[in-house]
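Listed here are the chains, written in short residue letters.
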Amino acid sequence: GDTWVRFLEEPEMHTNTKVVFFLAARYAHRPAFLGLAVATQVSLTVNKSSLLRFYREAYRTIRNYSKDALIVLDGSLLPMDAVLNDFREVATDLHVYFGLLPTLPASE
């Protein structure tokens with residue numbers, strides 16, 4: 001199914017930004033903290049400009065607490081290297097569901 005796309009609309013976007021702030025502030029200085037995954041399974045129907053704005057805000061928020069934390073973003077919607085080329089220590093995540101592929105006939 002599709003991800004709930006209203007997470008980029010107010011007041012949800014503000015709430016989600018506050019969650020990123022809370023997690024970064026609470027965990028960024030702990031020895032086991034590697035980074036945060038931010039909205040990594042996004043619906044194809046989401047507004048890409050709003051998603052980019054959310055990613056930029058989340059990136060700035062996390063970077064306020066950690067200069068080298070790994071930040072994981074969705075890799076299926078945006079050409080990340082072209083759009084987010086000023087981001088550092090960022091990985092993209094692509095969810096591939098092989099169970100949704102057509103079934104191939106059994107070989108004999």
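In short, a report on the structure. (Residues numbered from 1 in each chain as written. Predicted model: local features only at pLDDT ≥ 70, side-chain atom pairs only at ≥ 80, totals over all residues. Heavy atoms only, no water.)

1. A look at helix H1 (residues 12–27)
Line of reasoning, step 1. Between the first and last C-alpha of H1 there are 22 Å, a value that for 16 residues agrees with the 22 Å anticipated at 1.5 Å per step.
Line of reasoning, step 2. Residues of H1 that are buried: Glu12, Met13, Thr17, Val20 and Ala24. Here the buried residues of H1 occupy an arc of 140° about the axis, which is enough to place them on one side. (Helix = DSSP H or I, 4+ residues; strand = E, 2+ residues; numbered from the N terminus. Expected span 1.5 Å × (residues − 1). Buried < 20%, exposed > 50% of the residue type's maximum accessible area, 1.4 Å probe, protein only. Arc of directions from axis to C-beta.)

2. Considering unusual backbone geometry
Line of reasoning, step 1. In this chain, glutamate 10 is followed by proline 11 through a cis amide linkage whose omega measures 5°.
Line of reasoning, step 2. Considering the arrangement of structural elements, one finds proline 11 in the segment before H1.
Line of reasoning, step 3. The backbone of glutamate 89 sits at a positive phi, close to 55°, despite the residue not being glycine.

3. Some details on the packing of H1 against helix H2 (residues 48–65)
The packing of two helices is summarised by the inter-axis angle and the distance between the axes.
Line of reasoning, step 1. In contact at an axis separation of 9 Å, H1 and H2 are set at 25° when each is read in the N-to-C sense. Here H1 lies roughly parallel to H2, going by the angle between them. Handedness of the H1/H2 crossing: right-handed. Of the residues in H2, those touching H1 at Met13, Asn16, Thr17, Val20, Phe21, Ala24 and Ala25 are Ser50, Arg53, Phe54, Glu57, Ala58, Thr61, Ile62 and Tyr65.
Line of reasoning, step 2. A breakdown of the residues in the contact of H1 with H2 according to their chemical character gives nine nonpolar, four polar and two charged. (Axes fitted to C-alpha atoms, helices over the stretch in contact; angles between N-to-C directions. Parallel < 35°, antiparallel > 145°, perpendicular 65-115°, else oblique. Left-handed = near helix turned anticlockwise from the far one by under 90°. Contact = heavy atoms within 4.5 Å. Nonpolar A, V, L, I, M, F, W, Y, C, P; charged D, E, K, R; others polar.)

4. A short note on H2
Line of reasoning, step 1. A rise of 1.5 Å per residue sets the reference length of H2, with its 18 residues, at 26 Å; its end C-alpha atoms lie 26 Å apart and thus fit the reference within 8%.
Line of reasoning, step 2. Listing the buried residues of H2 in full gives Ser50, Leu51, Phe54, Tyr55, Ala58, Tyr59, Thr61, Ile62 and Arg63.

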